[in-house]
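What follows is the residue order along each chain.
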Amino acid sequence: MAEALAILLVAVLIICCGNQVRSVKSDHHYKGGDAVPLYANKVGPFRNPSETYTYFYLPFCLPDYVKEKKETLGEVLNGDRLVSTPYKLDFLVEKESEVVCRKNLSKEEVSQFRTAVAEDYYIQMYYDDLPIWSFIGRVDRRGIDEPNEYRYLLYRHLQFDILYNKDRVIDINVRTHPQYMVDLTEDEEVDVEFMYTIEWRKTSTPFEKRMEKYFQYSLLPHLLEIHWFSVMNSCVTVLIVIGILVTFYMRVLRRDIIKYAHDEEVADNQEETGWKYIHGDVFRYPKHISLFAAALGSGTQLFTLTVFIFILGLFGVFYPFNRGALLTALVVIYAITSGIAGYAALSFYCQLEGTNWVRNLLLTGSLFCGPLFLTFCFLNTVAIMYRATATLPLGTTVVIFLIWLFVASPLLFLGGIAGKHRKSVFRAPCRTTKCSREIPALRWYRGTLPQMALAGILPFCVIYTELYYVFASVWGHRIYTIYVILLIVFIILLIVTAFVTVALTYFQLAAEDHEWWWRSFLCGGSTGLFVYAYSFYYYYTRSHMSGLLQTSFFFGYMACICYGIFLMLGNVGFRASLLFVRHIYGSIKCE
């Protein structure tokens, strides 16, 4: 298994690093007058990161021939739609107020531009693979109290400031000139002359370091302070939890284990109570074993996927604006790790004496993909209605289907068959009785939902601070590059989830409730529910997102992400509890 994971890691690194090598390490050498590629990507309201449209969705100047750049799978999934523009930014060629085109904007086009200005539309371009942003206009509110008296101004002049080092492009910035604006307040035809200026300046920054400025925001001292303070706070939380559990183990649990394991005469004469009383039921198989095994298999796959994503992040694959690299990695790794899901699910299913292994594999393959597919169908329909770039083209949909059909599904069944032929049996240190004991009446706070709430709050507090920056990066325009800190927080999350679930499992067994299998899984995964609840808080208080498309995409995909977190941490919680239960019951004498 270890060799297979090593081969998998190498394969993923080769596949996912290819895009990085093309974008950063390729030879971008130019001579004076050479054409340097400039592509317009998309436009959209700044507050809605998912609501983006093609560049020519707005009536900008058209080039003689619109050339569409060939994109990778991840770029298409990311909503990138790169097309050529009428701007000619040849290497070392300066221009002053060059006219792009002269347009007579109709009333409909004026209204379209005015709406875009009112909603703070921005444009994104790429020049020699370097990102550029600019707002298309601004709303003049100075000294005006009534919104219906605001003036809507469109920028018609862009100035490109480009830095170069020898024969390489190092940096580019775009500015707008306040004196070159068109008033679009009134519904009337307007003549507009679009222009641009190019200035070249020499720099000593080497080509290999031209992307470093995009890392600088995450590495600002005050932000690093916040991140490390969050990590220290999480570490203190872990130490407190571990300290409490170790103290409890030494004073209570270890005393019981020693008494039952070594003082046999006392153990035989004394009436059994608490967790030892249910030793004949504690390893009774749970209800719905096929669903339970499928959940463990999917959780194991998602855990492996997360680990590989962190490894690629530490290798620098997901540097800022490596278009679509993260989404490409997610699709490829998820498909390749399907074998792990099949192996983990079916091997455990067979240990629990399950017989319908085909059904279990189908359930494993659809447990996470099924809800994700339904969510995608709904959101893609919304994107089609809006004509947004988030709409997945038919060709890309076919590619993903083929990946699932010819990569993910065969690997799922191969892994399942390997797990089925493992022929391992479930190791239970205690014999299970034929008749199940009746569970005594418990107080309300020992129910499933209160225990899930208690189990999820502490791990969520560990990741709360870092969660904001992840949200601001995924659902905003901030850049997140500190994968080391994120990995540390993830490890702390796993530790706290495992310890908290183990503690709650012990208290459940001490109350003579032997149905701990599903409870440990649900308690471990409950952090995902807290993350989804946090998404409502973030949407309504920390962001300015609005509209049907953005709202649907935010809550739809966050539901899928949090469901994945639920499966992954539920798997961690159950496996930690299983080790604990095996340990304590294997340490005592059970008749």
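Going by an unreviewed UniProt entry, the protein carries the name Transmembrane 9 superfamily member and comes from Davidia involucrata. The UniProt entry for the protein carries the following comment under Sequence similarities (unreviewed entry): "Belongs to the nonaspanin (TM9SF) (TC 9.A.2) family."

In this structure, F348, F471, L509, Y538, F554, F574 and Y585 are the most contacted members of the largest nonpolar core, which totals 90 residues. For this core, the element with the most residues is helix α16 (residues 548–586), which contributes 16 residues. In this structure, this core is formed jointly by two domains, domain 2 (221–261 + 446–590) and domain 3 (287–427), each of which donates at least three residues. L154, I162, I172 and V174 belong to the second-largest nonpolar core, a separate cluster that totals 57 residues.

Another point: the packing of helix α13 (residues 483–510) against helix α14 (residues 517–525). Viewed as axis vectors pointing N to C, α13 and α14 meet at an angle of 145 degrees, and their least axial separation amounts to 9 Å. Classified by chirality, the crossing of α14 by α13 is right-handed. Residues T497, T501, L504, T505 and Q508 of α13 form the contact with α14, whose own contacting residues are R519, S520, C523 and G524.

Scanning the model with the defined rule gives 1 disulfide in all. C61 shares a disulfide with C101; S-S distance 1.8 Å. Judged by the sign of its S-S torsion, about -65 degrees, the cystine formed by C61 and C101 is left-handed. One end of the pair, C61, is in the loop between β2 (53–54) and α2 (73–77); the other, C101, is in strand β4 (residues 95–105), with 40 residues separating them in the sequence. Both residues of the pair, C61 and C101, belong to the buried class.

Moving on to the environment of I144. Inspection of the secondary structure puts I144 in the loop between β7 (137–140) and β8 (151–155). Distance from I144 to W133, taken between C-alpha atoms, is 28 Å for residues 11 residues apart in sequence. For I144, the contacting residues outside a window of four places in its chain are E149 and Y150.

So, on to the pattern of salt bridges. Applying the stated criterion to the full structure yields 12 salt bridges. Across the salt bridge formed by D128 and R210, the nearest N and O atoms sit 3.0 Å from each other. Placement of the pair is D128 in the loop between β5 (121–127) and β6 (130–135) and R210 in the loop between β12 (190–202) and α4 (221–262), with a sequence separation of 82 residues. For R210, a relative accessible area of 6% puts it in the buried group. A network of salt bridges, in which partner residues are shared, links D140, R142, R151 and D183.

Parameters and conventions
Counting starts from 1 at the beginning of each chain's written sequence and moves along it residue by residue. Local features are withheld for residues below a pLDDT of 70 in this predicted model, meaning they are given only at 70 or higher, and side-chain atom pairs are given and counted only at 80 or more; totals for whole chains, interfaces and linings count all residues. The basis for every side-chain value is the complete set of non-hydrogen atoms in the structure, without hydrogens or water. UniProt positions are given in the numbering used here, feature names are shortened, and annotations may be inferred rather than shown by experiment. Nine residue types can take part in a nonpolar core, namely buried Ala, Val, Leu, Ile, Met, Phe, Trp, Tyr and Cys, and a core is a set of them joined through side-chain atoms within 4.5 Å. Burial status follows relative accessibility: with a 1.4 Å probe on protein chains alone, a residue under 20% of its type maximum counts as buried, one over 50% as exposed, and anything between as partly exposed. Put simply, DSSP H or I for four residues or longer makes a helix, DSSP E for two residues or longer makes a strand, and each gets a number counted from the N terminus. Each domain's extent was defined by an automatic or database domain assignment. A fitted line through C-alpha atoms represents every axis, and for helices the fit uses only the stretch in contact; the resulting angles, taken between N-to-C directions, go from 0 to 180 degrees. Handedness of a helix crossing follows the sense of rotation of the near helix relative to the far helix, less than a right angle counterclockwise being left-handed and clockwise being right-handed. Two residues form a contact once any of their heavy atoms are found within 4.5 Å. Only a pair of cysteine sulfur atoms within 2.5 Å counts as a disulfide in this structure description. The term salt bridge refers to a side-chain nitrogen of Lys or Arg lying within 4 Å of a carboxyl oxygen of Asp or Glu.

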